[in-house]
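One letter stands for each residue in the lines below.
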Amino acid sequence: MKKLIIVFLSIFFVNISFAKSIVADLSNDSININTGFNGAELFLFGTYDGQEGDDLFIFIEGPKTEATIYKKDYISGIWINKESVTFKNVPSFYYSIFSKSKVSSESLNYLALNNLGSSNLKLISKNPQKYRNLDDWINSFDSRMKKNEMWITKKGTGKNKIEIKDNKLFRAPVILPATVLPGNYDVKILHLRNGEKISEENTQIFVKKTGMGSKIYSFAHDYSTFYGIFAIVLAVFAGYLAAVGFRKV
Amino acid sequence: MYIYLPIAEVSMNVFAITGLGGMVGFLSGLFGVGGGFLMTPLLIFLGIPAAVAVSTEANQIVASSVSGVLAHWRKRNVDFTMGFILLIGGLIGSSFGVWLFAFLKTIGQIELVIRLAYVVFLGLIGFLMAWESSKAILKSRTPGASRGKLHQHNWLHGLPFKIRFRRSKLYISALLPLFIGAFVGMLSAIMGVGGGFILVPAMIYVLGMPTAVVVGTSLFQIIFVTANVTFLQSITTQTVDIVLAGLLMIGGVIGAQIGSNASSLLRGEQLRGLLALLVLAVCFKLFMDLTLTPEDIFSIEIKR
């Protein structure tokens, strides 16, 4: 009996010593944009082996796409989009969760070196030689993406932010707005101590269009000629039906 | 109850959309106007992307014009010769309009052009309607007002390629309806309207057509022009949302029936005055959006 206990204890301690890695899961890792879709809320939760003062970061990066920022100018009495800059490979969605509201400079340094967090993204303009004040444009772009809640950063612990228990368990809400693009969302959970990586874990959220809506969308884009004809036939039929249906009333 | 519109890619309340369709349909039934000129800006106010609002509204107008033209066809109030010539112009104009639309979309100016076009035309028709209804209200109080001439010939009617339009009892140049059709067709593509609000007065005052055949003939032309816009927008910009169009059609059909029944019960001039005020209010809102300093001079567009 004693032997057995020792065996169990040794297994337990071995596990503890290797338990530096993060174990995480999502309450829902496949989001369907269907007819009733109006955004989604899910939870990311798991365990890590932390100490007081450690940093835990979560980054969720949406599909990359092209994005254009327009600047309006007052021209002969009206506001017109005048200048614009188009950036390539911009994450359409970027969600950052910081476990601390004040992150040490060492940790910030690590994030900067690894291009993590929306402010550390390298934005590349389509024709960089054209703009002298590209940094100003990038700053404006960054702040508008945040304002539109496409890039979100939540710092500190608490409700609607990350919740941490005993430096071991964590739980964070992830809110995807109704405007999210379909695609794979890369989730990275990062555990830092004094700016050094202790462990990281990567997972994905799959966002896809499903149901009638996605069929209509691909119909419209892949068979646009038939779609156009279909739309007209539908309208003619509806109009005819309305005329005939209400004639007898 | 929310529905995710597949082409507009926004989530909208079903009742807000059918309600809007019903409200505009009610006004259409009440006044015999198409309603596209109100529907498109209201859809934009609701948060539908302007490009989708325009193309989808063109699709809905196909339906409302089909249901409208059948009644006129039965009464033989369609001048097909005139309709065909207006239509040829309309097809040319609307095809050019869709091309222009796609071009403006790529350079990021389509919202501006749509809004500007609305400010100009809503302002114009709102003002004319307000003027006319106030005149009508005054006239009903002063009996014995004189009648004007039915129609006058001017130099425009004498341009080459004269054609006889039997049902309209006209012998005028075909270039004139061709040009009018083309102009209205272009507006149809850019603004998502049938264009009846330009076409009807143009047919009466410029072409000199008898009022009885004007509405039927314009509806006949509008069906094909908006169908052309629907088709071309589908293949060039993919901005026709059939789910949105379907919801608007449902609301529109019901609203139009209630409206046409109500029209016999209500006083015309005052209501026309109210419609004028509504049109001017929408115009004013669009105008202010363009001229007031925006909350944020930057805007972002994400390629989907």
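Cut-off values and rules
- Residues numbered from 1 in each chain as written.
- Chains lettered and ligands numbered in written order.
- Predicted model: local features only at pLDDT ≥ 70, side-chain atom pairs only at ≥ 80, totals over all residues.
- Heavy atoms only, no water.
- Helix = DSSP H or I, 4+ residues; strand = E, 2+ residues; numbered from the N terminus.
- Rg over C-alpha atoms; globule rule 2.2 N^0.38 Å.
- Buried < 20%, exposed > 50% of the residue type's maximum accessible area, 1.4 Å probe, protein only.
- Contact = heavy atoms within 4.5 Å.
- Lys, Arg positive; Asp, Glu negative; His and termini not counted.
- Charge placed at Lys NZ, Arg CZ, Asp CG, Glu CD.
- Buried area = accessible area lost by both parts, 1.4 Å probe.
- Salt bridge = Lys/Arg side-chain N within 4 Å of Asp/Glu carboxyl O.
- Nonpolar A, V, L, I, M, F, W, Y, C, P; charged D, E, K, R; others polar.
- Pairing = 2+ DSSP bridges.
- pLDDT = per-residue confidence, 0-100.
- Patch = residues over 30% accessible without salt bridge, like charges linked within 9 Å, V, L, I, M, F, W, Y side chains within 5 Å.
- Areas by Shrake-Rupley, 256 points an atom, 1.4 Å probe, with all protein chains shown as cover.
- Phe/Tyr/Trp six-rings, centres within 6.5 Å; stacked < 30°, edge-to-face > 60°.
- Axes fitted to C-alpha atoms, helices over the stretch in contact; angles between N-to-C directions.
- Polar contact = N/O pair within 3.5 Å; in protein donor to acceptor, adjacent residues only side chain to side chain.

**Considering the overall build of chain B**
1) Next: Helix and strand counts for chain B come out as 10 helices and five strands.
2) Next: Relative to the globule expectation of 19 Å for 304 residues, the C-alpha radius of gyration of chain B, 19 Å, shows essentially globular dimensions.
3) Next: Projected onto its principal axes, the C-alpha positions of chain B cover 55 × 45 × 40 Å.
4) Next: Counting every position in chain B, which comprises 304 residues, the buried fraction comes to 55%.

**Looking at the overall build of chain A**
1) Next: From N to C terminus, chain A includes five helices and 13 strands.
2) Next: At 25 Å, chain A has a C-alpha radius of gyration far larger than the 18 Å of a compact globule built from 249 residues.
3) Next: Once the C-alpha set of chain A is aligned to its principal axes, its extents read approximately 90 × 55 × 30 Å.
4) Next: Considering only residue pairs separated by 6 or more positions, chain A has 69% of its internal contacts joining residues 24 or more positions apart.
5) Next: Measuring between centres, the 32 positive side-chain charges of chain A sit 5 Å from its 23 negative side-chain charges.

**Quick word on the interface of chain A and chain B**
For an interface, size is often stated in terms of accessible area lost upon the parts coming together.
1) Next: Counting residues at the interface gives 55 residues for chain A and 46 residues for chain B.
2) Next: For the pair chain A and chain B, the two sides together bury roughly 4600 Å², of which 66% comes from carbon and sulfur.
3) Next: The interface formed by chain A and chain B contains three salt bridges.
4) Next: The closest approach of N and O atoms between Glu-9 of chain B and Lys-209 of chain A, which form a salt bridge, is 2.8 Å.
5) Next: Breaking the side of chain A that touches chain B down by element, the ones donating at least two residues are strand 5 (64–75), strand 6 (78–91), helix 3 (134–147), helix 4 (211–222) and helix 5 (224–247) of chain A.
6) Next: Broken down by element, the residue count for the side of chain A that touches chain B peaks at 17 residues, all from helix 5 of chain A.
7) Next: Tallied by class, the residues present in the side of chain A that touches chain B amount to 30 nonpolar, 18 polar and seven charged.
8) Next: Relative to strand 5 (residues 298–302) of chain B, strand 5 of chain A is paired through five bridges, and the arrangement is antiparallel. What sits directly across from Ala-67 of chain A, in strand 5 of chain B, is Ile-302 of chain B.

**Some thoughts on the confidence of the model for chain B**
All names here are of chain B.
1) Next: Confidence in the prediction of chain B, expressed as mean pLDDT, is 86, and 94% of residues score 70 or more.
2) Next: Averaged pLDDT values over the elements of chain B bottom out at 81 in strand 3 (residues 162–165) and peak at 93 in helix 4 (residues 80–106).
3) Next: Note that pLDDT drops below 50 for residues 145–150; the model gives that stretch one contact with residues more than four away or on any other chain.

**Examining a nonpolar patch on the surface**
Residue and element names in this part refer to chain B.
1) Next: On the surface, Leu-124, Phe-127, Leu-128, Trp-131, Leu-274, Leu-277 and Leu-280 cluster together into a nonpolar patch covering about 730 Å² of accessible area.
2) Next: Those elements giving two or more residues to the nonpolar patch turn out to be helix 5 (110–141) and helix 10 (268–291).
3) Next: Mapped onto the elements, Leu-280 comes out in helix 10.

**Structural notes on the environment of Val-174 of chain A**
1) Next: Turning to its location among the elements, Val-174 of chain A is positioned in strand 11 (residues 169–176).
2) Next: Here the alpha-carbon distance between Val-174 of chain A and Glu-196 of chain A, two residues 22 residues apart in the chain, equals 26 Å.

**Considering the packing of aromatic side chains**
Residue and element names in this part refer to chain A.
1) Next: Enumeration according to the criterion identifies 23 aromatic pairs over all chains in this entry.
2) Next: Considering the side-chain rings of Phe-59 and Phe-98, the 6.3 Å spacing of their centres and the 80° angle between planes classify their relative orientation as edge-to-face. Placement of Phe-59 in strand 4 (residues 55–61) and of Phe-98 in strand 7 (residues 94–98) is noted, with a sequence separation of 39 residues between them. Accessibility classification places Phe-59 together with Phe-98 in one group, the buried group.

**A few points about the sheet that holds strand 3 (residues 40–47) of chain A**
Residue and element names in this part refer to chain A.
1) Next: Here we have four strands laid out as an open sheet, ordered 1-3-11-10, and antiparallel in their pairing. Whereas interior strands pair on both sides, the edge strands pair on one side only; in this sheet they are strand 1 (23–26) and strand 10 (163–165). Strand-to-strand twist of the sheet, defined as the mean angle between neighbouring strand axes without regard to direction, takes the value 15°.
2) Next: Looking at chain direction, strand 1 and strand 3 are connected through four bridges and run antiparallel. Its bridge partner being in strand 3, Asp-25 is matched across the sheet by Phe-45.

**Focus on the side chain of Thr-291 of chain B**
All names here are of chain B.
1) Next: Mapped onto the elements of the fold, Thr-291 is located in helix 10.
2) Next: Note on Thr-291: relative accessible area 18%, which makes it buried.
3) Next: From its side chain, Thr-291 meets the backbone oxygen of Phe-287 in a polar contact 2.9 Å long.

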